[in-house]
Amino acid sequence: MRRSYMAGNWKMNNTRSEALALVKELLDNGSFKNKVLIAPSYTALDAVSKAVEGTELILGAQNMSTDESGAHTGEISPVMLKDLGVEVVILGHSERRAIYGETDKIINIKVHLALKHKLDVIFCVGETLDEREGGLAEKIVTDQVVEGLKGISEDQLSAITIAYEPVWAIGTGKTATPEDADDIHKVIRTKIENIFSKNAADNVIIQYGGSVKPANVKELMAKPNIDGALVGGAALKAETFIPIMEYNK
Ligand code: 13P
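Treat the numbers as computed from the prediction; the structure is a model and nothing was measured. (Residues numbered from 1 in each chain as written. Predicted model: local features only at pLDDT ≥ 70, side-chain atom pairs only at ≥ 80, totals over all residues. Heavy atoms only, no water.)

1. A look at the overall build of the protein chain
Part 1 of the reasoning: Scanning the protein chain from N- to C-terminus turns up 12 helices and 8 strands.
Part 2 of the reasoning: Over its C-alpha trace the protein chain gives a radius of gyration of 17 Å, about what one expects of a compact globule, namely 18 Å for 249 residues.
Part 3 of the reasoning: Overall size of the protein chain, expressed as C-alpha extent along the three principal axes, is 45 × 45 × 35 Å.
Part 4 of the reasoning: Looking at the protein chain as a whole, 51% of its 249 residues are labelled buried.
Part 5 of the reasoning: Intrachain contacts of the protein chain at a sequence separation of at least 6 include 73% that bridge at least 24 residues.
Part 6 of the reasoning: One finds the centroid of the 28 positive side-chain charges in the protein chain at a distance of 2 Å from the centroid of its 35 negative side-chain charges. (Helix = DSSP H or I, 4+ residues; strand = E, 2+ residues; numbered from the N terminus. Rg over C-alpha atoms; globule rule 2.2 N^0.38 Å. Buried < 20%, exposed > 50% of the residue type's maximum accessible area, 1.4 Å probe, protein only. Contact = heavy atoms within 4.5 Å. Lys, Arg positive; Asp, Glu negative; His and termini not counted. Charge placed at Lys NZ, Arg CZ, Asp CG, Glu CD.)

As structure tokens, this is what we get:
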């Protein structure tokens, strides 16, 4: 049985004091039957790390460098994230791919580096609107899975969660229908079976992301291949994130 995994990607929001106030509300008022992660921006990681220490709230980062150290102005290494108590890193988010030009190859390097440093990974894939309308959604997502996970062993896969985030559904208020989302999740699971094994496919957690909110989480999570959510906008307020993180499959 796969344990539901709800993650809040705060993106470029929340100062340290805002982050701490939100964490306090989540800890005071939320419950943690599901696995729950928050990914604040880098500047709030240290403060949030101290606030979540010893609690069930898992600390994630939103990105990291392809390298461990050196001449990479403006980048953050996995060693630095570990030093702050970060346990998970989100890699391959569509905003990293589209705005900052991250390719499958770059993302694959990051996945390997994160695992080397014992960071778990939320690995994001998803098609654009043009790709979906062109009938390419399955191919794009499958290619991203194959390329992003190249060279990963079945053992290592247990540290990886996959997040399917159709780009056209992110921050737009448009959600994939639960059926459409589940179809792609099934495609991903089948690909994992082809690359690794049936056991790997049965165990891999696949989150859906893209305008998840309290009003639609139930119908999405009811689908057999949807194991959790990667949430943007609705993760920024306790009143909208708590009903999502507490959702009971
Ligand atoms: P929204 O929930 O705001 O659509 O964002 C989804 C997302 O990109 C999470 O990583």
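2. Things to note about the environment of Arg 3
Part 1 of the reasoning: Here Arg 3 is to be found in the segment before β1 (5–9).
Part 2 of the reasoning: On the accessibility criterion, Arg 3 (44% relative accessible area) is partly exposed.
Part 3 of the reasoning: The spatial distance from the C-alpha of Arg 3 to the C-alpha of Glu 193 is 19 Å, given a sequence separation of 190 residues.
Part 4 of the reasoning: What Arg 3 contacts, discounting residues up to four positions off in sequence, is Phe 32, Lys 33, Asn 34, Lys 35, Ile 205 and Asp 227.
Part 5 of the reasoning: For Arg 3, the side chain forms a polar contact with the main-chain oxygen of Lys 33, separated by 3.3 Å.
Part 6 of the reasoning: Engagement of the side chain of Arg 3 in a polar contact is seen with the backbone oxygen of Asn 34, the distance being 3.3 Å. (Polar contact = N/O pair within 3.5 Å; in protein donor to acceptor, adjacent residues only side chain to side chain.)

3. Some points on the side chain of Glu 165
Part 1 of the reasoning: If you trace the backbone, Glu 165 turns up in the loop between β6 (160–164) and α9 (178–195).
Part 2 of the reasoning: Notably, Glu 165 is buried but unbridged: the nearest opposite-charge side chain belongs to Lys 11, and the N-O separation is 6.0 Å.
Part 3 of the reasoning: At a separation of 3.0 Å, a polar atom in the side chain of Glu 165 contacts the side chain of His 93. (Salt bridge = Lys/Arg side-chain N within 4 Å of Asp/Glu carboxyl O.)

4. A few points about the pairing of strand β3 (residues 57–61)
Part 1 of the reasoning: Most of β3 sits inside the fold, with 5 of its 5 residues counted as buried.
Part 2 of the reasoning: The two faces of β3 match: Leu 57, Leu 59 and Ala 61 on one face and Ile 58 and Gly 60 on the other face are all buried.
Part 3 of the reasoning: In this structure, strand β2 (residues 35–39) lies alongside β3, joined through 3 bridges in parallel fashion. Residue Val 36 lies in a different strand from β3, and its bridge partner there is Leu 57.
Part 4 of the reasoning: In this region the chain leaves β2, passes through helix α2 (residues 42–52) and returns to the parallel neighbour β3; the handedness of that crossover is right-handed.
Part 5 of the reasoning: Alignment of β3 against strand β4 (residues 88–91), held across 2 bridges, turns out to be parallel. Bridge pairing in β4 places Ala 61 opposite Val 89.
Part 6 of the reasoning: In this fold, β3 hands off to helix α3 (residues 78–83), which returns the chain to β4; that crossover is right-handed. (Pairing = 2+ DSSP bridges. Right-handed = clockwise from strand over helix to strand, strands pointing away.)

5. Examining the nonpolar core
A general trend in soluble globular proteins is that nonpolar side chains are found buried together.
Part 1 of the reasoning: Grouped together as the largest cluster of nonpolar side chains are 68 residues, with contacts concentrated most on Leu 149, Ile 188 and Ile 192.
Part 2 of the reasoning: Ignoring sequence-local partners within four residues, the contact set of Ile 192 consists of Val 145, Leu 149, Leu 157, Ile 162, Ser 197, Ala 200, Ala 201 and Val 204.
Part 3 of the reasoning: The next biggest cluster of nonpolar side chains, apart from the first, holds 12 residues, and it includes Tyr 5, Val 88, Ile 90 and Ala 163. (Core = buried A, V, L, I, M, F, W, Y, C linked by side-chain atoms within 4.5 Å.)

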